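Understanding the architecture of this molecule
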Number of protein chains: 2
Amino acid sequence: MKSHPITIKDIARVLGISPSTVSRALKDHPDISPKTKNLVKTFAEKVNYRPNALALSLRSSKTNTIGIVIPEIVHHFFSTVISGIEDVAYGRGYNAIICQTNENYQREVIDLQALIDNRVDGILVSMSKNTHEFTHFNNVKENGIPIVFFDRICEALSTDRVIADDFEGARIATRHLINQGCKKIMHLAAPQHLLIGKNRKEGYYSALKESKLECEERLILKCDTREAVFAKADDVIRLASEIDGIFAVNDSTAIAVMQVLQRNGYKIPKDIAVVGFGDGPNANIAYPPLTTVEQKGYDIGQAAMRLLIGHIEETVEDDEFETKIFTPELVERTSSQYGIDFTYK
Amino acid sequence: MKSHPITIKDIARVLGISPSTVSRALKDHPDISPKTKNLVKTFAEKVNYRPNALALSLRSSKTNTIGIVIPEIVHHFFSTVISGIEDVAYGRGYNAIICQTNENYQREVIDLQALIDNRVDGILVSMSKNTHEFTHFNNVKENGIPIVFFDRICEALSTDRVIADDFEGARIATRHLINQGCKKIMHLAAPQHLLIGKNRKEGYYSALKESKLECEERLILKCDTREAVFAKADDVIRLASEIDGIFAVNDSTAIAVMQVLQRNGYKIPKDIAVVGFGDGPNANIAYPPLTTVEQKGYDIGQAAMRLLIGHIEETVEDDEFETKIFTPELVERTSSQYGIDFTYK
DNA sequence: GTGTATATTGCAAACGTTTGCGGAATATAT
DNA sequence: ATATATTCCGCAAACGTTTGCAATATACAC
């Protein structure tokens with residue numbers, strides 16, 4: 001059973017003709033007589049001949065394969081992005097090699113090198129959190145391989161980029177609360193040394209300002225995980241009586257804070273309206289269903305792949321780079337309908 | 001910048017020696033003099049020479065690449081499996097090409113063919129739901145490529161397999177409820193033509209029987225999605241007063257049913273204890289935190305990859321196949337602590 | 001019949017490696 | 001000095017393709 005696959009040479013030998021003739025016959029080269037073409041094609045069909053992609057790649061130095069380097073595949077956002085990438089890649093005849101760095105810089109370097117070694121036609125990258133050295137990215141460029149960053153971009157390099165607009169997303173979320181009638185809105189924030197933490201807080205501030213609402217430091221709680229929320233439950237409760245809305249930096253903290261409040265007799269969204277920031281499929285499961293801004297992972301993936309193809313197939317100049325920004329979209333559910341007494345059914 | 005990468009030939013030309021000497025020098029062949037070795041190595045280092053993986057693969061017919069074919073990458077279970085696969089693959093020097101079929105048979109056929117064309121060393125597959133024809137899998141075997149199925153296995157083919165034990169998982173979950181003191185347990189079931197639906201129900205029955213509890217058809221509700229639960233909310237409520245436990249076929253229905261019950265004044269787990277079946281990271285977010293049996297996706301992935309390596313590297317006989325079964329593990333949280341009055345903190 | 005155009009095929013090199021074998025140069029033994 | 005062993009290196013083929021060019025064969029015109 002471990003018979004090696006049929007090659008052009010095999011066909012040539014059996015048919016008593018030369019490999020070149022077989023090759024040309026298979027791709028309808030005009031030089032070949034109809035008789036020979038027929039002979040070759042039917043035989044190739046019969047033995048289920050398939051060209052060796054490796055040999056093709058070696059000769060043409062085109063692998064029709066792209067590399068994807070991401071921190072973690074289990075994050076819903078990233079697997080959504082991958083779906084977007086794959087769908088357009090598939091449509092254009094590309095395969096994808098996916099590498100997970102696990103937020104590990106060393107691994108990122110190795111993965112990139114492996115992709116270069118395998119002569120992929122292009123690379124899509126979302127940087128690991130602790131990557132602060134960029135020579136491995138430059139290495140990719142020096143090997144003439146196009147590279148596109150998405151989400152976790154590298155500002156030091158001039159490349160194509162596709163990002164979600166965290167600032168605007170936060171502004172939309174906060175503005176939505178204001179439109180619902182909220183006047184005093186708490187913010188659960190991520191660490192400010194992370195871009196998303198900073199941008200989302202700025203967006204929150206910006207929305208407050210444009211509605212002439214006061215920006216109060218004391219209404220900002222540093223907690224971006226479920227556990228952190230429970231740890232700061234006392235702070236939440238202390239402020240609860242004076243606030244009427246909460247914008248949380250992600251969905252799990254939004255859900256957690258709802259639970260803390262409910263536990264203490266507050267009604268969501270009757271007393272306090274809540275909006276999250278989409279990082280997964282949890283929003284629907286929350287009680288009440290969580291209003292959130294959804295990052296368009298699928299679209300981001302598609303856009304990144306399209307930009308990459310532009311450079312691979314050189315329909316765009318070598319040194320002409322673009323930054324595509326996707327604004328998250330508000331998905332209104334129940335948690336933000338301030339004043340409404342929510343019950344299922 | 002689009003300069004082609006340095007090759008052995010380039011090095012040979014510059015150094016005025018033959019490619020064969022360069023090749024041997026780089027891999028410390030004893031035939032080469034120390035002086036030449038040094039010369040070659042330092043030069044190769046300097047110009048950052050990297051062997052062309054394509055050329056290597058073509059020559060050795062070994063690509064050090066494996067293919068993964070799965071229905072959907074966004075499902076938490078599958079992305080967990082992928083992590084398991086990748087981690088052992090990485091440790092053994094393999095890259096992974098991931099193909100998503102989107103539950104599409106045609107796509108599955110095409111993906112498999114692409115993997116064969118690229119001469120991957122082995123393939124890991126979880127079948128698409130509507131795959132009932134298996135010639136494409138046989139095609140893989142006929143090309144001498146080892147194949148291992150996981151989760152969605154193909155019973156018609158003799159290959160290695162790695163699966164989760166749904167029957168046992170359901171039994172464990174139900175038994176746990178019984179141990180908590182539940183005597184009348186409802187089951188939210190998936191369609192019985194699906195393997196998981198059937199196996200999990202059987203496991204539920206089995207646990208009841210072993211404790212001499214009655215198996216009542218009327219305690220089985222056919223609903224396996226969140227929406228289905230809300231649609232059947234009336235049926236749930238009607239039965240609620242006489243039951244003391246619920247085993248749900250997956251976590252989202254478990255969470256939904258808890259919400260329906262809570263909405264109607266029932267306390268979880270005081271009045272009714274609930275156990276789910278792990279399909280994602282939702283269990284922690286539920287209120288109260290959901291006890292569930294977790295399918296060990298990561299372990300399944302690791303095991304599958306190890307089996308595959310066994311065949312690729314022929315440490316195991318060609319026609320010797322193994323089936324590895326992973327029993328889900330009960331993760332006890334709050335929702336199943338029958339009789340307890342739950343509140344956060 | 002010769003000459004020329006045309007149709008059809010094969011040779012050989014190339015993509016970047018590895019490797020069996022042979023050969024030149026040097027060293028050792030007699 | 002010759003014979004033999006040892007050290008070091010290059011040639012060429014191979015992996016499976018494609019393709020420029022040369023070669024053969026056939027057809028057509030005169």
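Residues numbered from 1 in each chain as written. Chains lettered and ligands numbered in written order. Predicted model: local features only at pLDDT ≥ 70, side-chain atom pairs only at ≥ 80, totals over all residues. Heavy atoms only, no water.

The final tally for this structure, using the stated rule, is 13 aromatic pairs over all chains. Summarising the aromatic geometry, the rings of Phe247(B) and Phe277(B) are spaced 6.4 Å apart at their centres and angled 50° between planes, so their arrangement reads as tilted. A residue pair is termed long-range when its members are at least 10 positions apart, and Phe247(B) in strand S8 (residues 245–248) and Phe277(B) in strand S9 (residues 273–277) qualify at 30 residues. Since its relative accessible area comes to 0%, Phe277(B) is described here as buried. Grouped by ring-pair contacts, the aromatic residues Tyr204(A), Tyr205(A), Phe247(A) and Phe277(A) constitute a single cluster. Positioned above the aromatic ring of Phe277(A) is the side chain of Arg200(A), whose terminal nitrogen or guanidinium carbon lies 3.6 Å from the ring centre. Arg107(B) extends its terminal NZ or CZ atom over the ring of Tyr90(A), reaching a point 3.5 Å from the ring centre. (Phe/Tyr/Trp six-rings, centres within 6.5 Å; stacked < 30°, edge-to-face > 60°. Helix = DSSP H or I, 4+ residues; strand = E, 2+ residues; numbered from the N terminus. Buried < 20%, exposed > 50% of the residue type's maximum accessible area, 1.4 Å probe, protein only. Lys NZ or Arg CZ within 6 Å of the ring centre and 35° of its normal.)

Attention now moves to the relation of the copies chain B and chain A. Superposing chain B onto chain A takes a rotation of 180° combined with a translation of 0.1 Å along the rotation axis, leaving an RMSD of 0.1 Å. The relationship between the two copies is best expressed as a two-fold rotation axis. Across chain B, the rotation axis passes nearest the C-alpha of Ile97(B), at a separation of 2.2 Å. Mapped onto chain A, 100% of the interface residues of chain B are again interface residues, and the two copies thus contact each other with one and the same surface. (Least-squares fit on C-alpha atoms with pLDDT ≥ 70 in both. Contact = heavy atoms within 4.5 Å.)

Once that is clear, we can look at the interface of chain B and chain A. In this complex, chain B contributes 61 residues to the contact, which on the side of chain A involves 61 residues. Here chain B packs against chain A, burying approximately 5800 Å² in sum over the two surfaces, 53% of which is carbon and sulfur. Counting across the interface, chain B meets chain A through two salt bridges. Residue Arg50(B) pairs with Asp117(A) through a salt bridge whose shortest N-O separation is 2.4 Å. On inspection of chain B and its partner chain A, the count reaches 13 residue pairs in polar contact (both at pLDDT 80 or more). At the level of secondary structure, the elements contributing two or more residues to the side of chain B that touches chain A comprise helix H4 (53–60), helix H5 (76–91), strand S2 (95–100), helix H6 (105–117), helix H7 (135–142), helix H10 (226–231) and helix H12 (251–263) of chain B. If one sorts the elements of the side of chain B that touches chain A by residue count, H5(B) sits on top with eight residues. Counted by class, the side of chain B that touches chain A contains 24 nonpolar, 22 polar and 15 charged residues. (Buried area = accessible area lost by both parts, 1.4 Å probe. Salt bridge = Lys/Arg side-chain N within 4 Å of Asp/Glu carboxyl O. Polar contact = N/O pair within 3.5 Å; in protein donor to acceptor, adjacent residues only side chain to side chain. Nonpolar A, V, L, I, M, F, W, Y, C, P; charged D, E, K, R; others polar.)

So, on to the protein's contact with DNA strand C. Residues in contact with DNA strand C amount to 26 residues; listed here are only the nearest, Thr21(A), Arg24(A), Thr36(A), Ser23(B) and Arg59(B). Close to the protein, within 4 Å, the atoms of DNA strand C are drawn from sugar and phosphate at a rate of 59%. One of the side-chain N or O atoms of Thr21(A) is found 2.4 Å from a phosphate oxygen in DNA strand C. The side chain of Thr36(A) places a nitrogen or oxygen atom 2.6 Å from a phosphate oxygen of DNA strand C. (Near = heavy atom within 4 Å.)

Describing two packed helices takes the angle between their axes plus the distance from one axis to the other. Residue and element names in this part refer to chain B. Their axes nearest at 11 Å, the elements helix H1 (residues 8–15) and helix H3 (residues 34–46) cross at an angle of 120°. When the axes of H1 and H3 are compared, the pair comes out oblique. Both H1 and H3 take part in a crossing whose hand is right-handed. Contacts from Ile11, Val14 and Leu15 in H1 reach Leu39, Val40, Phe43 and Ala44 in H3. Tallied by class, the residues present in the contact of H1 with H3 amount to seven nonpolar, no polar and no charged. (Axes fitted to C-alpha atoms, helices over the stretch in contact; angles between N-to-C directions. Parallel < 35°, antiparallel > 145°, perpendicular 65-115°, else oblique. Left-handed = near helix turned anticlockwise from the far one by under 90°.)

Quick look at the pattern of salt bridges now. The full count for this structure, using the stated rule, is 39 salt bridges over all chains. For the salt bridge of Arg92(B) with Glu313(B), the shortest nitrogen-to-oxygen distance reads 2.8 Å. Taken together, the residues span a long stretch of sequence, with Arg92(B) in the loop between H5 and S2 and Glu313(B) in the loop between helix H13 (297–312) and strand S11 (323–326) at a distance of 221 residues. For Arg92(B), a relative accessible area of 46% puts it in the partly exposed group. Here Arg200(B) ties to Asp166(B) by a salt bridge, and the two come within 3.0 Å at their closest N and O atoms. Here the residue Arg200(B) occupies a position in helix H9 (residues 195–210), and Asp166(B) occupies one in helix H8 (residues 166–179), the gap between them amounting to 34 residues. Here Arg200(B) falls in the buried class, since its relative accessible area comes to 5%. Residue Asp166(B) is classed as buried on the basis of its relative accessible area of 10%. Each of Glu168(A), Arg171(A), Arg175(A) and Glu210(A) takes part in salt bridges that share partners, so that together they form one network.

Moving on to empty space enclosed by the protein. Enumeration over the complete set of coordinates arrives at one cavity of 30 Å³ or more. Volume-wise, the largest cavity comes out at about 190 Å³. Lining the largest cavity are 15 residues, with Leu54(A), Asn118(A), Leu54(B), Thr65(B) and Asn118(B) positioned closest to its centre. Considering each element in turn, the lining of the largest cavity owes the most residues, three residues, to H4(B). For the lining of the largest cavity, the per-class residue count stands at seven nonpolar, eight polar and no charged. (1 Å grid on protein atoms, 1.4 Å probe; cavity = no way out; pocket = protein on both sides within 12 Å on 5 of 7 lines; lining within 4 Å. Points joined across faces, edges and corners; volume = space filled by probe spheres on them.)

Let's shift gears to a negative patch on the surface. All names here are of chain A. Together, Glu317, Asp318, Asp319 and Glu320 make up a negatively charged patch on the protein surface. Structurally, the position occupied by Glu317 is in the loop between helix H13 (297–312) and strand S11 (323–326). Here Glu317 falls in the exposed class, since its relative accessible area comes to 52%. (Patch = residues over 30% accessible without salt bridge, like charges linked within 9 Å, V, L, I, M, F, W, Y side chains within 5 Å. Areas by Shrake-Rupley, 256 points an atom, 1.4 Å probe, with all protein chains shown as cover. Lys, Arg positive; Asp, Glu negative; His and termini not counted. Charge placed at Lys NZ, Arg CZ, Asp CG, Glu CD.)

Domain boundaries in chain A define domain 1 (8–51), domain 2 (63–164 + 297–327) and domain 3 (166–294). For domain 1 of chain A and domain 2 of chain A, the distance between their C-alpha centres works out to 39 Å. (Domains from an automatic or database assignment.)

Ranked by internal contacts, the top residues of the largest apolar core, which has 56 residues, are Ile66(A), Phe150(A), Met305(A), Ile66(B), Phe150(B) and Met305(B). Once residues within four sequence positions are removed from consideration, Ile66(A) is found in contact with Ile85(A), Tyr94(A), Asn95(A), Ala96(A), Ile97(A), Val120(A), Gly122(A), Leu124(A), Met305(A), Leu308(A) and Ile312(A). Counting 47 residues, the second largest nonpolar core, distinct from the first, contains Ala170(B), Ala207(B), Ala248(B) and Ala283(B). (Core = buried A, V, L, I, M, F, W, Y, C linked by side-chain atoms within 4.5 Å.)

A few words on H5(B). Residues and elements named next belong to chain B. With 16 residues, H5 ought to run about 22 Å at 1.5 Å a step, and its terminal C-alpha atoms sit 23 Å apart, in line with that. Where burial is concerned, most of H5 is hidden: twelve out of the 16 residues are buried. Within the sequence span of H5, burial applies to Phe77, Phe78, Ser79, Thr80, Val81, Ile82, Ser83, Gly84, Ile85, Glu86, Val88 and Ala89. Trailing H5 by a residue or two, Gly93 shows a phi angle of about 80°, which is positive. (Expected span 1.5 Å × (residues − 1).)

This paragraph deals with the protein's contact with DNA strand D. The environment of DNA strand D is made up of 26 residues, and the closest members are Ser23(A), Arg59(A), Thr21(B), Arg24(B) and Thr36(B). A breakdown of the atoms of DNA strand D within 4 Å of the protein gives sugar and phosphate a share of 59%. Between DNA strand D and Ile8(A), the relevant distance is 2.7 Å, taken from a phosphate oxygen to a main-chain nitrogen or oxygen of the residue. Within the side chain of Arg59(A), one N or O atom sits 2.5 Å away from a base oxygen of DNA strand D. Residue composition of the surface near DNA strand D, grouped by class: eight nonpolar, ten polar and eight charged.

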